[in-house]
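# Understanding the architecture of this molecule
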Amino acid sequence: MHAASPVDEAAPLPYPDGWFALCFSRELKRGAVLTTPFMGRDVVLYRTASGVACAVDAYCPHQGAHLGHGGTVDGEQIVCPFHHYAYGPDGRRTTARCMKGSQELVLRTWHVREWNGFVFVWQNADGLAPTWELPEVDMTGFSAPVGRAFTLRGVMQNLPENGYDLEHFGALHRWKDMKPHAPVIDGPRISMQVDMAWKNIRWSTLIGVHGLGCVSSDHEMKAIGLEAKIFACGVQIAPLRWTFRDGIAFRFSWLARWPGPLQRLVYAVLGRVLHRLWLVPVFKEDIMVWNNRDYTGYGTPGAGDGPYPVFQRWARQFYPGVERPAARRPVAHADTVAEK
């Protein structure tokens, strides 16, 4: 049996473009400075006094001090620990121009979005501004998302493609009676509805993938009045190292009649219970596989028109310099009705 060593493996794919979650919103307090690895470099996140989340390159353009080691937040500025140069959210020095010879030096900034408890940044190999946005999610009546982070060996595409690998749901997770609808493609988004059974409870799931860094799936178990939203966000931090952050929010129809304060108390307790007893065990089964795969040749789309090869071909658009496979029979698109 071939046992590949992580030291000997080459990255099977380049770093992808799109939106990627670098931390949970709860980790970035007002005035906090946080260093996070991102695609082979450090990125520094900070939250201003007014509560705005910002992301910048780790190193001061003046003399290269690392802003995540001793850097501070002063109002809306991040301050370098070396010479106390302060930079505003646009990356420009706020007190005087920062020059090196005749060139004005500007601290590189990243486009940031806060989305359902995650802090996302935009990555584009050509330096282009965002060309699409993360989806609006109606959280009315839902609990606050509860989640955690895992850092793994491998490739972050494991995460978004997981929902389209229907065969593994029965083999690894022991789910039954999987009935997929046709995937629906809308540019940088792909979605698919799957009906299934879990412990004899009928369960309907809509798996939405937005770029490769954001999965937002809706789950409904009408028999017990449960709706859940599961968020799964991956980011490549090194060629064969990635971080996975999850979150679950839910609502019970029967709880809607309870007083608001009591609802919030029940949801706060049940949120942690559902995360620990439902989401974590399922993802740990996936993580066991992801963390120990042989990634030789990973990412090459397979043949066929099933959900998995359709997803793999769709995913190629996010990798700069990767040749896209020849077009095949089209699946449902956003302006068509998915097969029932």
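Cut-off values and rules
- Residues numbered from 1 in each chain as written.
- Predicted model: local features only at pLDDT ≥ 70, side-chain atom pairs only at ≥ 80, totals over all residues.
- Heavy atoms only, no water.
- Salt bridge = Lys/Arg side-chain N within 4 Å of Asp/Glu carboxyl O.
- Helix = DSSP H or I, 4+ residues; strand = E, 2+ residues; numbered from the N terminus.
- Buried < 20%, exposed > 50% of the residue type's maximum accessible area, 1.4 Å probe, protein only.
- Phe/Tyr/Trp six-rings, centres within 6.5 Å; stacked < 30°, edge-to-face > 60°.
- Lys NZ or Arg CZ within 6 Å of the ring centre and 35° of its normal.
- 1 Å grid on protein atoms, 1.4 Å probe; cavity = no way out; pocket = protein on both sides within 12 Å on 5 of 7 lines; lining within 4 Å.
- Points joined across faces, edges and corners; volume = space filled by probe spheres on them.
- Nonpolar A, V, L, I, M, F, W, Y, C, P; charged D, E, K, R; others polar.
- Pairing = 2+ DSSP bridges.
- Axes fitted to C-alpha atoms, helices over the stretch in contact; angles between N-to-C directions.
- Core = buried A, V, L, I, M, F, W, Y, C linked by side-chain atoms within 4.5 Å.
- Contact = heavy atoms within 4.5 Å.
- Lys, Arg positive; Asp, Glu negative; His and termini not counted.
- pLDDT = per-residue confidence, 0-100.

### Description of the pattern of salt bridges
- The tally for this structure, following the rule as stated, stands at 10 salt bridges.
- Note that R92 and E104 form a salt bridge whose closest N and O atoms lie 3.4 Å from each other. One end of the pair, R92, is in the loop between β7 (86-87) and β8 (99-100); the other, E104, is in strand β9 (residues 103-104), with 12 residues separating them in the sequence.
- Between R251 and E227 there is a salt bridge, and its shortest N-O distance comes to 2.9 Å. Of the two residues, R251 sits in strand β20 (residues 241-252) while E227 sits in strand β19 (residues 226-238), which places them 24 residues apart along the sequence.
- Residue R251 is classed as partly exposed on the basis of its relative accessible area, which comes to 27%.

### Concerning the packing of aromatic side chains
- In the structure shown here, the tally under the stated rule is 24 aromatic pairs.
- Pairing W314 with F318 gives two aromatic rings, centres 5.0 Å apart and planes at 70°, and the pair type is edge-to-face. Per residue, the accessibility class of W314 equals that of F318, and both read buried.
- One aromatic cluster is present, formed by F24, W115, F118, F120 and F231 through successive ring pairs.
- One cation-aromatic arrangement involves R93 over Y85; the distance from NZ or CZ to the ring centre is 3.5 Å.
- Here R108 stacks its cationic end above the ring of W110, 3.9 Å away from the centre of that ring.

### Examining helix α4 (residues 307-315)
- The buried fraction of α4 amounts to eight of the nine residues, a majority that puts the element mostly inside the structure.
- For α4, every residue scored as buried is listed here: P307, P309, V310, F311, Q312, R313, W314 and A315.

### What to know about empty space enclosed by the protein
- Under the defined criterion, the tally for this structure stands at one cavity of 30 Å³ or more.
- Size it by volume and the largest cavity reaches roughly 310 Å³.
- Lining the largest cavity are 21 residues, with N162, F169, S217, H219 and F283 sitting closest to its centre.
- At the level of secondary structure, the elements contributing two or more residues to the lining of the largest cavity comprise α1 (158-162), β17 (201-210), β18 (214-221), β19 and α3 (260-290).
- A per-element tally of the lining of the largest cavity places α3 first, with five residues.
- By residue class, the composition of the lining of the largest cavity is 14 nonpolar, six polar and one charged.

### Here's the deal with the sheet that holds strand β1 (residues 18-24)
- Read from one edge to the other, the open sheet built from three strands follows the order β1-β12-β11, with strand pairing classed as antiparallel. At either end of the open sheet lies a strand with only one pairing partner, and these are β1 and β11 (112-115). Across the sheet, the mean angle separating the axes of adjacent strands is 35° when strand polarity is ignored.
- In this sheet, strand β12 (residues 118-123) lies alongside β1 in antiparallel orientation, the contact comprising six bridges. In the sheet register, F24 faces β12, and the bridge partner there is F118.

### Describing the nonpolar core
- If you look at the biggest cluster of nonpolar residues, it comprises 80 residues, and the most contacted ones within it are F38, F120, F244, W278, W290 and W314.
- Sorting elements by how many residues they give to this core places α3 first, with nine residues.
- Apart from the residues lying within four places of it in its own chain, the contact partners of W278 are W203, M221, L226, A228, I230, I248 and V273.
- V44, V56, C80 and Y87 belong to the second largest nonpolar core, which has 13 residues in total.

### With respect to the side chain of D286
- You can see D286 is positioned in helix α3.
- Among buried charged residues, D286 stands out as having no salt bridge; its nearest opposite-charge side chain is R293, 9.1 Å away.

### Examining the confidence of the model for the protein
- Mean pLDDT for the protein: 89, with 91% of residues reaching 70 or above.
- Low pLDDT, under 50, characterises residues 1-7; the predicted model gives this stretch five contacts beyond four residues in sequence or across chains.
- Every residue in residues 335-340 is under pLDDT 50, and counting partners more than four places away or in other chains gives seven contacts.

### What to know about the environment of G271
- Looking at the element boundaries, G271 is found in helix α3.
- A residue is classified by how much of its surface remains accessible, and G271, at 0% relative accessible area, is buried.
- In sequence terms G271 and P145 are 126 residues apart; their C-alpha atoms lie 7.5 Å from each other.
- In this structure G271 touches V146, I248 and F250, once residues within four positions along its chain are discounted.

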